[in-house]
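# Overview (structure and organization)
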Amino acid sequence: MKAIAFIAALGVIVSLSACGKSDLEKQVEKDTAISKKMAGDVNKVPRVIVAPDTPASGKEGGK
């Protein structure tokens, strides 16, 4: 019985993997590409680099 269930499950998996992309999957990929295009390049955004605070020696957490 387990072998039959395994073969049936394997058949379902193979049949689903053989299918082409559905309309929903195509639309999601299209929308994702549009969103990425609208977002632009994030590398051009200026960033502020702040040095970490150095704890004073002699206090708790200091060196």
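Note: the structure precedes this text.
What you see is a predicted model; the values in this text were computed from it and never measured. (Residues numbered from 1 in each chain as written. Predicted model: local features only at pLDDT ≥ 70, side-chain atom pairs only at ≥ 80, totals over all residues. Heavy atoms only, no water.)

## Here we look at the overall build of the protein
Under the convention used in this document: Helix and strand assignments come from DSSP, with helices taken as H or I runs of at least 4 residues and strands as E runs of at least 2, each series counted from the N terminus. Each residue's exposure class comes from its accessible area (1.4 Å probe, protein chains only) as a fraction of the maximum for that residue type: buried when under 20%, exposed when over 50%, partly exposed otherwise. Under the convention used here, a 1.4 Å probe and the Shrake-Rupley method define accessible areas, while residue burial counts only the protein chains that appear.
When you go through the protein residue by residue, the secondary structure sums to two helices and zero strands. Out of the 63 residues in the protein, the part that is buried amounts to 0%. Accessible surface, the protein: about 6,400 Å² in total, of which carbon and sulfur atoms supply 65%.

## So, helix H2 (residues 23-39)
Heads up, the rule is: Expected helix span is taken as 1.5 Å per residue step, with the number of steps being one fewer than the number of residues.
For H2, which comprises 17 residues, the first-to-last C-alpha distance of 24 Å matches the rise-based estimate of 24 Å (1.5 Å per residue) to within 8%. Just downstream of H2 lies glycine 40, where phi reads positive at about 80 degrees.

## Brief notes about a nonpolar patch on the surface
Applied cut-off: Note on patches: the residues involved have over 30% relative accessible area and no salt bridge, like charges join within 9 Å, and the nonpolar side chains Val, Leu, Ile, Met, Phe, Trp and Tyr join within 5 Å. By salt bridge we mean one thing: a side-chain nitrogen of Lys or Arg within 4 Å of a carboxyl oxygen of Asp or Glu.
Nonpolar side chains collect at one region of the surface, where Phe6, Ile7, Leu10 and Val14 lie side by side and expose about 410 Å² of accessible area between them. Examined against the element boundaries, valine 14 turns out to sit in helix H1 (residues 2-18).

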